[in-house]
Amino acid sequence: MSFQTPRSIEEMLTAIHRREYLMPAIQREFVWGVDQITKLVDSLMRGYPVGSFLLWDVKPETAQSYTFYEFLTNYHERDNPFADRATVTSGSGTTAVLDGQQRLTSLNIALYGSFAEKKKYAWWNNADAFPVKRLYLNLIDDSDEEDLGLKYDLRFLTDKEASVQGGGEDKWFRVGAVLDLTNSGPAIMKELERRNISGSGDAFQRMYDLYEAVRILKPMNYFLVTDQDPDKVLEIFVRVNSGGTTLSYSDLLLSMATNQWRELDAREEVRSLVSDLNGNAGRQFSFSKDVVLKTALTIADVDVRFKVANFTQANMAKVESAWPQIKNALLRAATLLQQFGYNERNLTANSVIVPIAHYLHLRGAGDSYLDSTADAADRLALQRWVTRSLIKRGIWGSGLDTTLTRIRAALTACETTGFPVTDVETAMSSAGKSLSFDAAEVDELLNLKYAGQRTFSVLSVLYPGLDLGKKFHEDHIFPKSRFTKKKLVAAGVDPDRIDDYMEAFNLLPNLQLLAGTANIEKQDALPVDWIATAFPSEERRTTYLEENDLDGLPIDLANFLTFFEHRKARVRHRLVKALGTSADAILPEE
């Protein structure tokens, strides 16, 4: 390993675009965010060191035994989160980046590409959820990002956000455009003049600092590994990647599997499966490769812990051999969760899919299991177990590997054909993950709020007769829009009780699950008025009221608090029965 002559950022990125530098499959995926990218560029513009790089001179005879990837240029969280596989022609070698991939990819995105991540609260399949942004430098103002410690105002903006309004000062300079400047003097002056800010010495200095950092200075210090022994190279890789954005064991597992699988490309298979799980067949989830890999280890019957010692060639062979079954089991498990009413917003623990997939694999469940009448009772038992595990705090958090291992053992040992709820829960209890609920926990559930993390799960266990495979919304029985101080006063509510109304309307006793279309039609109608329209016959109205604990529903808001307390008591009784808690132990005395 020898130290090489430092290079400029422009030189390094030019080599990347000539495909002289590639990434070995043992590298993780790109994981940096916009804050890390802007901080890196800010550091380079300030002349700060950004660490050295480690490259590997891969000879032609070695290159043919490895899989390589190109560098990402246009990152899109949904549509293009991964680098493309590279082709190294027979008889050719390459230079592989062992350390520095995150920094080099970040610089490539900053100067040549774009970054598109999902907007907060936007749906994954919304066409406008991922605005494409490029890195811009504010030529006029310094940064106000004190938390990030930035000197320069660097931001990822859409081109529209960066455009000048009304012919004023065009202050946002696209960072990549620095590569188009012919020199660091007259060309900068001409660019500033074009932007109506030619009189600003600060603007000139900022643009020059960028030009100097990218095209003049040579901050890219790197070592070159020439050893062709793959074990030694892997050891170097693991050691140098112990800092920075931590190399997770799932990253390492996927990287090693890519080189150890014989027939399939592990990275491509996992990428494709994650995409299918999250966005195909109407599903909307956010499962990660970690969940996929944990399921693969579970079904392949190897140690589920992400530890280097578990990533042996024998274990990877087991995973590859079982991959078709693993993939099918996960897809069916995701579809089941969808039928249970879950999506990326209300599924509070993605790891619950692991034992579901394992169970489906063990019983050899095909697609018919998902909707057959013969399996309806088993699906219901599985649904109730899943829902209760999501309602109970702490089940899928700490000690996950132990929990999954105990559940796997219980499922494997089961000799019956149905989901062994009792055996599984006994195994979970032995790992300190009991699904029993005490009085305090039940009372806590009654105070869950609209759109809370566990609210959907609690509502679904309260009213199990609903076909949650269809779109259901959390709905306020008495509409939220009615609960403003002005409207409550107008409705005749005692001003002294208004605060009580405001505290209660958003809690579980005023919530129900309502089909999407019905929820839209209901809008802000009072429940009595809407029910009269939605259920014309007396029989249907009575059934709806009984099934949803709406007995004694008042005609207006005046008696809302009385209704709230009565329904709260009825919901509590339902929870006691649904969660399998001893009624004698927690029901209040009459």
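Refer to the structure above for everything that follows.
Residues numbered from 1 in each chain as written. Predicted model: local features only at pLDDT ≥ 70, side-chain atom pairs only at ≥ 80, totals over all residues. Heavy atoms only, no water.

(A) Region of the structure containing the environment of M256. Position of M256 among the secondary structure elements: in helix α9 (residues 249–260). Judged by relative accessible area, which is 10%, M256 ranks as buried. Measuring from C-alpha to C-alpha, the distance between M256 and L139 comes to 45 Å, with 117 residues separating the pair along the chain. (Helix = DSSP H or I, 4+ residues; strand = E, 2+ residues; numbered from the N terminus. Buried < 20%, exposed > 50% of the residue type's maximum accessible area, 1.4 Å probe, protein only.)

(B) A look at empty space enclosed by the protein. The full count for this structure, using the stated rule, is three cavities of 30 Å³ or more. Lining the largest cavity are M23, R28, E29, F30, L72, P81, F82, A83, Q101, T105, R267 and R271. Broken down by secondary-structure element, the contributors of at least two residues to the lining of the largest cavity are α4 (101–112) and α10 (266–279). In the lining of the largest cavity, the residues fall into six nonpolar, two polar and four charged. For the second largest cavity, the calculated volume is near 60 Å³. Lining the second largest cavity we find I9, V41, L44, M45, L107, A110, L111, V175, L210, A213 and V214. Listed by contribution, the elements that provide at least two residues to the lining of the second largest cavity are α2 (34–45), α4 and α7 (201–216). Among the residues making up the lining of the second largest cavity, the classes are represented as 11 nonpolar, no polar and no charged. (1 Å grid on protein atoms, 1.4 Å probe; cavity = no way out; pocket = protein on both sides within 12 Å on 5 of 7 lines; lining within 4 Å. Points joined across faces, edges and corners; volume = space filled by probe spheres on them. Nonpolar A, V, L, I, M, F, W, Y, C, P; charged D, E, K, R; others polar.)

(C) How the structure looks around the nonpolar core. Counting 81 residues, the largest nonpolar core has L337, W385, W396 and L575 as the members making the most contacts within it. Counting residues per element, this core draws most heavily on helix α12 (residues 313–339), at 11 residues. Each residue touching W396, except ones within four places of it in the same chain, is listed here: A349, S351, V352, P355, W385, S389, L390, T403, L404 and I407. In terms of nonpolar packing, the next biggest core, distinct from the first, is built from 55 residues, A15, I109, L111 and Y211 among them. (Core = buried A, V, L, I, M, F, W, Y, C linked by side-chain atoms within 4.5 Å. Contact = heavy atoms within 4.5 Å.)

(D) Region of the structure containing the pairing of strand β2 (residues 21–24). When β2 meets strand β6 (residues 94–99), the two strands line up parallel, connected through two bridges. In the strand pairing of β6, L22 is matched with A96. As judged from the two bridges shared by β2 and strand β4 (residues 68–69), these two strands associate in the antiparallel manner. Along β4, the bridge assignment pairs M23 with Y69. (Pairing = 2+ DSSP bridges.)

(E) Highlighting the environment of P81. Its place among the elements puts P81 in the loop between β5 (74–76) and β6. Owing to a relative accessible area of 15%, P81 belongs among the buried residues under this scheme. Contact partners of P81, with chain neighbours within four places excluded, come to L72, Y75 and H76.

(F) Structural detail: the sheet that holds strand β1 (residues 2–3). Read across the open sheet, the six strands follow the order β1-β11-β3-β6-β2-β4; overall the sheet is mixed. For this open sheet the edge positions go to β1 and β4, each flanked by a neighbour on one side alone.

(G) Inspection of the side chain of Q101 at higher detail. Considering the arrangement of structural elements, one finds Q101 in helix α4. Take Q101: its relative accessible area is 3%, and that puts it in the buried class. If sequence neighbours within four positions are ignored, Q101 has contacts with M23, Q27, R28, E29, F30 and F71.

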